[in-house]
Every structure is written in structure tokens, then in C-alpha cells.
Amino acid sequence: MKKVELIPLLSLPLVKPGDDISSLIANACQQEKISLRNNDIIVIAQKIISKAENALVDLKTVIPSEKASEIASQTGRDPRLVQVYLDESSDVLYVKGRAVVTRHRSGMIMSSSGVDRSNVAEHAEGIVVLLPRDCDRSAQNIREGIRRLMKKKTAVIISDSGGRSDRKGSIGTAIGLAGIAAVEQRDQKDLFGNPTKSEIALVDELAAAASMLMGQADEMIPVVIVRGVMHTVADDVSISDILN
């Protein structure tokens, strides 16, 4: 019987700028007696990568533009925070209530340009975290580090949680990847023998599954190993492969 396992890493420390995520994962696996296997998929919450890469902004250093101030007055948000949204985006798509939906400079459509202030510091300190500069490169570096340290060929997905315009609530999605095709193209037959072609956003399905364990608050589970999922191993991949 086919079985899929989701294995959370429970012993990772709070990540600081300059930390090596590959080493932290290897150490956690050793401490928890988890033997990584070839073809495991490692899903990593974006925030620990951003913190390790020092993708942080002190709002005290931000001077809001006229456009940022205008959007802030519409949404009730801090104009300095809105300025960071603008700096991280190529376009503001729409503003609704407190939501500022943008096209991130990577091409992804998301709320607040992926900028977040939770699990970074006390809000009074005014520190916010950005997405990694290049999520695919970050994923590739971690994949290479895992191969070097643990001698295993894995895939890496960087995940983030966000809302959708047509539904309430947030869901985990992939924002960077390495070693796994973004979309699975499968030629199969249905229950009645009819040919069918499937196009599956597998990296998003995996990110969503892992996010159930990661949580959104103080769970302290930023890394989940997914085992037993059939996927296409690929080296030349990018999150842009799944974007419209």
C-alpha cells in the first residue's frame, strides 16, 4: 500500500543571520535519529532562510513615499511597512480592506509582497522579514549542502503561507525549489481505461501538506521531511516554471 510520511524536525534552534540551514538540518536529523533517504523532499519555511540570509529591514530606517502614505491611509497600515511592500514588488495589483496585493519582483502574486513581521522580533522593535533574494538559489544551496553533509540526494522546497483572492484563509505554497519538477505531467488512464493527461502542481501540494505541521505561530517546526511521494527529479528548475 502506498504510504506518504511527513516527518517534522523538532530540535531546530532559533535561526540567526549567518546560520547555515543545511548544517542545522543535518544536526537536527542526527539529534533526532532521523536517517535521511535519497528522494526525500525537504520542505523549509521561508522565514528561517530569510533570517539566515539577513533579509531583514528595520522600519526606523524606512522613509515612506507619497504612494506608500496614500495606500497606508486606505488600509490603516504603517506607511513605512507599505513602503517595504512597494520596494519588494514590481506592481501593486489591488488594495482591499487591509490587504495590499502585489506582484513580487520574482513574479509571484502575493499579499504584502511576502513581507512579514511575525516570529522575527517583538513588534515594537520594528523589524520585518523579506523573502530571500533568490528563493531558487537558496533552495539549491541547501540541497547541495545536504548532499555534502549527509551524502543523500534530496529535493528542497521553500514554502510560504499566503491567502488567495477567491477564498478565505492562508495555505502553504512553494516559492522556491531545487531537485524537483514544479509541475508533474502524467499520461495515465482513468478507472475505465480512458487516456488522461494530468498536470499537477505537486510542489504546492507538498508545501500545503507540510504547512499543517509547521503551523503559523510558536510551533517551532520550520522543516518537514516528506517521504514516499513519487516526483520527477530535475536539476534545471525554477519557481517560474509554475507561474502564469
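Here, the structure is the one placed above.
Position labels on residues start from 1 in each chain and follow its written sequence. Only residues with pLDDT of at least 70 get local features here, since the model is predicted, and only at 80 or more are side-chain atom pairs given and counted; chain-wide, interface and lining totals rely on the full set of residues. The side-chain values count all of the structure's non-hydrogen atoms but skip hydrogen atoms and water molecules.

Caption draft 1: Structural view of the overall build of the protein. Along its length, the protein carries six helices and twelve strands. In summary, the protein has a C-alpha radius of gyration of 19 Å against a globular reference of 18 Å for 244 residues, a match within 12%. For the protein, the spread of C-alpha atoms along the three principal axes comes to 55 × 45 × 30 Å. Looking at the 244 residues of the protein, the share that counts as buried comes to 45%. Note on contacts: a residue pair is in contact if any heavy atoms of the two residues lie within 4.5 Å. Put simply, 60% of the contacts in the protein that link residues at least 6 apart link residues at least 24 apart. Accessible surface for the protein amounts to roughly 13200 Å². Of this, 50% is attributable to carbon and sulfur atoms. Where helices and strands are cited, they refer to DSSP runs of H or I of at least four residues and of E of at least two residues respectively, numbered from the N terminus. Taken over C-alpha atoms, the radius of gyration is set against a globule rule of 2.2 Å times the number of residues to the power 0.38. For every residue, the accessible area (1.4 Å probe, protein chains only) is compared with the maximum for its type, and the residue is labelled buried under 20%, exposed over 50%, or partly exposed between those bounds. We get accessible surface area from the Shrake-Rupley algorithm with a probe of 1.4 Å; when it comes to residues, only the shown protein chains can shield them.

Caption draft 2: Expanded view of the nonpolar core. To form a nonpolar core, buried Ala, Val, Leu, Ile, Met, Phe, Trp, Tyr and Cys residues must be joined to one another through side-chain atoms within 4.5 Å. In this structure, Leu 9, Ile 21, Ile 25, Ile 41, Ile 44 and Ile 180 are the most contacted members of the largest nonpolar core, which totals 52 residues. Put simply, the parts of the chain that give this core at least two residues each are α1 (21–31), β2 (41–45), α2 (46–52), α5 (135–150), β8 (155–164), β9 (167–178), α6 (202–214) and β12 (223–227). Among residues more than four places away in sequence, those in contact with Ile 41 are Ala 155, Ile 157, Ile 180, Leu 206, Val 224, Ile 225, Val 226, Val 229 and His 231. Counting residues in hydrophobic clusters, the runner-up holds 17 residues, among them Ala 55, Ala 72, Val 128 and Leu 130.

Caption draft 3: Representation of the sheet that holds strand β6 (residues 109–111) in the model. One requirement defines pairing of two strands: DSSP has to find at least two bridges between them. Taken together, the three strands give an open sheet; going across it, the order is β4-β5-β6, and neighbouring strands pair in antiparallel fashion. Bordering the open sheet on either side are β4 (89–96) and β6, each of which pairs with just one other strand. Within this sheet the neighbouring strands show an average axis-to-axis angle of 25 degrees, counted without direction. Axis definition: a line fitted to C-alpha atoms, over the contacting stretch in the case of helices. Angles run 0 to 180 degrees between N-to-C directions. Running over the sheet, helix α3 (residues 66–75) touches β4 and β5 (99–104) and is turned about 25 degrees from β4.

Caption draft 4: The arrangement of the pairing of β9 in detail. For β8 and β9, the ladder comprises nine bridges, and the chain directions are antiparallel. Directly across from Ile 157, in β9, lies its bridge partner Leu 177. With antiparallel pairing between neighbouring strands as the criterion, β8 and β9 make up a hairpin whose turn holds two residues.

Caption draft 5: View of the pairing of β5. Where β4 lies against β5, six bridges are found, and the strand directions are antiparallel. Along β5, the bridge assignment pairs Val 95 with Val 100. Between β4 and β5, which pair antiparallel one after the other, the connecting turn spans two residues, and Gly 97 there sits at a positive phi close to 60 degrees. Where β5 and β6 come together, three bridges link them in antiparallel fashion. Within β6, the position partnered with Thr 102 by the bridge is Met 110. Here β5 folds back onto β6, and the loop between the two strands holds four residues, one of which, Gly 107, carries a positive phi near 105 degrees.

Caption draft 6: Local environment of the sheet that holds β2. If you trace the five strands from one edge of the open sheet to the other, you get β1-β12-β2-β8-β9, paired in mixed fashion. Of all the strands in the sheet, the pair left with one neighbour each is β1 (5–8) and β9. Averaged over all neighbouring strand pairs, the angle between strand axes comes to 30 degrees, with direction disregarded. Pairing of β1 with β12, which is carried by four bridges, proceeds in the antiparallel orientation. Paired with Leu 6 across the bridge in β12 is Val 226. Lying over the sheet, α5 contacts β2, β8 and β9, oriented at roughly 60 degrees with respect to β9.

Caption draft 7: Just unusual backbone geometry, in detail. Within the chain, Lys 33 stands out as a residue other than glycine whose phi angle is a positive 60 degrees. Mapped onto the fold, Lys 33 is located in the loop between α1 and β2. Judged by its relative accessible area of 74%, Lys 33 is exposed. One non-glycine residue with positive phi stands out, namely Asn 39, at about 75 degrees. Mapping Asn 39 onto the fold places it in the loop between α1 and β2.

Caption draft 8: Inspection of the environment of Ala 178 at higher detail. Positionally, Ala 178 belongs in strand β9. Taking the C-alpha atoms as reference, Ala 178 lies 5.1 Å from Gln 140; in sequence the two are 38 residues apart. If sequence neighbours within four positions are ignored, Ala 178 has contacts with Ala 139, Gln 140, Arg 143, Ala 155, Val 156 and Val 237.

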